[in-house]
Amino acid sequence: MPDDVPLTELPPSLWAATAPPPPDTTALEGETRADLCVVGAGFTGLSAALHAAEGGASVVVLEAGAIGWGASGRNNGQVIPNLSRMDPDEIARRFGEKGEAFVELIRDSAALVFDLIRQHGIAAEAVQNGWLQPAHRPSRMKLAESRVRQWGSRGAPVELLDRDAMARLAGSEHWHGGWMNRTGGRINPLGLARGLAAAAMRAGARVFTHSPAVALVREGGTWGVRTPRGRIIADRVILATNAYSDELWPGLRREMIPVASYQMATVPLSDNVRRTILPEGHALSDTRGDLHFFRFDANGRLVTGGALVIGRNWRERIVARIGARVARVYPQLGVPRFDHVWWGHVGITVDRAPHVHELAPGVTTWIGCNGRGVALGVAIGRELARQALGTPWEHLPMLREPLKPIPAYGFARALAPLAVLERRWRDRRD
Ligand SMILES: Cc1cc2nc3c(=O)[nH]c(=O)nc-3n(C[C@H](O)[C@H](O)[C@H](O)COP(=O)(O)OP(=O)(O)OC[C@H]3O[C@@H](n4cnc5c(N)ncnc54)[C@H](O)[C@@H]3O)c2cc1C
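First, a word on scope: everything that follows refers to the structure included in this document.

Thresholds, definitions, all that
Residues numbered from 1 in each chain as written. Predicted model: local features only at pLDDT ≥ 70, side-chain atom pairs only at ≥ 80, totals over all residues. Heavy atoms only, no water. Salt bridge = Lys/Arg side-chain N within 4 Å of Asp/Glu carboxyl O. Helix = DSSP H or I, 4+ residues; strand = E, 2+ residues; numbered from the N terminus. Buried < 20%, exposed > 50% of the residue type's maximum accessible area, 1.4 Å probe, protein only. Axes fitted to C-alpha atoms, helices over the stretch in contact; angles between N-to-C directions. Parallel < 35°, antiparallel > 145°, perpendicular 65-115°, else oblique. Contact = heavy atoms within 4.5 Å. Arc of directions from axis to C-beta. Phe/Tyr/Trp six-rings, centres within 6.5 Å; stacked < 30°, edge-to-face > 60°. Lys NZ or Arg CZ within 6 Å of the ring centre and 35° of its normal. Expected span 1.5 Å × (residues − 1). Near = heavy atom within 4 Å. Polar contact = N/O pair within 3.5 Å; in protein donor to acceptor, adjacent residues only side chain to side chain. Areas by Shrake-Rupley, 256 points an atom, 1.4 Å probe, with all protein chains shown as cover. Nonpolar A, V, L, I, M, F, W, Y, C, P; charged D, E, K, R; others polar.

Notes on the pattern of salt bridges
In the structure shown here, the tally under the stated rule is 27 salt bridges. When the shortest N-O distance is used, the salt bridge between glutamate 31 and arginine 231 registers 3.0 Å. Of this pair, glutamate 31 sits in strand 1 (residues 30-39) while arginine 231 sits in strand 11 (residues 230-239), and the two are 200 residues apart along the sequence. Overall, the relative accessible area of 53% leaves glutamate 31 in the exposed class. When its relative accessible area of 23% is taken as the criterion, arginine 231 is described as partly exposed. Among the salt bridges present, the one from arginine 94 reaches aspartate 351, with a minimum N-O distance of 2.9 Å. Separated by 257 residues along the polypeptide, arginine 94 in helix 3 (residues 88-94) and aspartate 351 in the loop between strand 16 (338-348) and strand 17 (355-360) bring together distant segments of the chain.

Shown next, in the form of structure tokens:
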């Protein structure tokens, strides 16, 4: 795994170079009281803060780095209303009495993101014209059909696409057809994080950056959250730290494996080439385990990326690997020049499902986006805010589960990068 930038710096990325500036924030100094303390200023924490503040709670957000410092500022910005591995029938089984309600939350999650962007006037390069999942082998059309059937029967606006239709929308003959969900799309993720922070602050939330929560202790009926130079006393706490969780809550970090996902953006493409690739501006991620994914930004850069087994010389190696991939998928472009290359942690759980916890009375969290956390983070953040405002768990669409750290965590984490090899092997089989 490459070394990360210090919390004092903004991780370099296309989004850091192009997103509108963040709202003014400072580090927490001294002691303050709040109904709700949110730890982590990514999509989950900022959505929770916005919805809780709109619901009348006094809210403080503590972020160790800057707004969007974690995965929310570094991702591919594909707004995808599904999970990466689990389909609705399996989600319904896995989450028991909450199964169908959780499926509905996921189904509506992309629409929620775009609605919030419109409602709060967030400058996030939002384009909501559908998310494509092309089949990388003819046999994967069965998967596409099954996904269309399962999501369609639950009211999602999905559509099966034959080979010609996919080739037209993707701008490539590389795939064998696939499917589309019309509520999905793409955003500038750091723009969304900063815009959500500004909206939460307008609703009354106080956001403190460069303020890591270093201790969380029960103090009578409240929680004390300590930072290097301050302290929050709150009735409730939402830990929105996800794949960037530290040791603040023992065991939480060990429930998922953080896996590096590498991202890159080409130089802006000429109009004539650009018109031939994803000509209607869709976001696309295919059926491979070693995912092929593409989208444009607002300036005509193709934004893509991939996985590596080892992090050594990652920049040169990912540029070579993905450059060759782009040329294979989009021969009209050839090997492009990339002028932004970056990476971030994706949190992977053993069962590939997101896990929601009430860690102690008044302390909630979720962990394990498994690569689909833009829409899901915003949606679960809203639900954790409802819980903090007093909605009983019986009325929420998520199953509360006990924390289950992965056994032999060090070993599992050391071996995790090898899973890329297994995924590549599976991708070549029917
Ligand atoms: C490279 C990459 C590409 C991805 N692409 C996509 C995509 O295209 N579509 C999709 O749906 N999902 C994607 N994801 C996943 C998605 O980005 C995440 O699931 C989502 O951003 C998680 O948001 P979050 O708010 O839960 O966590 P984060 O955004 O990770 O926020 C957690 C925050 O908590 C802070 N923190 C941690 N500990 C403390 C502490 N003790 N005190 C204070 N603050 C603390 C961190 O600094 C961090 O800012 C991608 C992820 C990565 C890394």
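Here we look at the packing of helix 5 (residues 109-119) against helix 11 (residues 374-388)
Across the interface, helix 5 lies against helix 11 with an axial gap of 8 Å and an inter-helix angle of 80°. Considering the angle they form, helix 5 stands roughly perpendicular to helix 11. Together, Ser109, Ala110, Leu112, Val113 and Leu116 of helix 5 and Val374, Ala375, Leu376, Val378, Ala379 and Arg382 of helix 11 make up the contact between the two elements.

Quick look at helix 13 (residues 419-427)
Along an α-helix, residues three or four apart share an orientation, since each turn contains 3.6 residues. Of all the residues in helix 13, the buried ones are Val420, Arg423, Arg424 and Asp427. Within helix 13, the buried residues cover an arc of 100° as seen down the axis, which keeps them to one side.

Structural notes on the packing of aromatic side chains
Per the counting criterion, the structure on display carries 8 aromatic pairs. Each ring, one from tryptophan 15 and one from tryptophan 342, has its centre 6.3 Å from the other, and the planes form 80°; the classification is edge-to-face. Of the two residues, tryptophan 15 sits in helix 1 (residues 14-18) while tryptophan 342 sits in strand 16, which places them 327 residues apart along the sequence. The same class applies to tryptophan 15 and to tryptophan 342, which are both buried. Members of the aromatic cluster, joined through ring pairs, are Trp175, Phe294 and Tyr330. Positioned above the aromatic ring of phenylalanine 95 is the side chain of arginine 94, whose terminal nitrogen or guanidinium carbon lies 4.5 Å from the ring centre.

Some remarks on helix 10 (residues 314-329)
An ideal rise of 1.5 Å per residue puts 22 Å on 16 residues; helix 10 measures up with 22 Å between its terminal C-alpha atoms. Taken together, the buried positions of helix 10 are Trp314, Ile318, Ile322, Gly323, Arg325, Val326 and Val329. Down the axis of helix 10, the buried set is contained in an arc of 165°. They therefore lie on one face. In helix 10, the exposed positions angled more than 90 degrees off the buried face are occupied by Glu316, Ala320 and Arg328. Those residues of helix 10 that are buried lie in contact with strand 12 (257-266), strand 14 (293-296), strand 15 (302-306) and strand 16.

Details of the environment of arginine 315
By the element assignment, arginine 315 lies in helix 10. Take arginine 315: its relative accessible area is 38%, and that puts it in the partly exposed class. Along the primary structure arginine 315 and valine 341 are separated by 26 residues, whereas in three dimensions their C-alpha atoms are 7.1 Å apart.

Examining the site of the ligand
In the vicinity of the ligand, 34 residues are found, and the nearest of them are Thr44, Glu63, Ser72, Asn242 and Asp246. Interatomic distance of 2.5 Å between a side-chain N/O atom of serine 72 and an oxygen atom of the ligand. Within the side chain of asparagine 75, a nitrogen or oxygen atom sits 3.1 Å from an oxygen atom of the ligand. For the ligand, whose accessible area on its own is 1000 Å², the fraction buried by protein is 97%. Listed by contribution, the elements that provide at least two residues to the shell around the ligand are helix 2 (43-54), strand 12 and strand 16. Here the shell around the ligand is built from residues that sort into 13 nonpolar, 17 polar and 4 charged.

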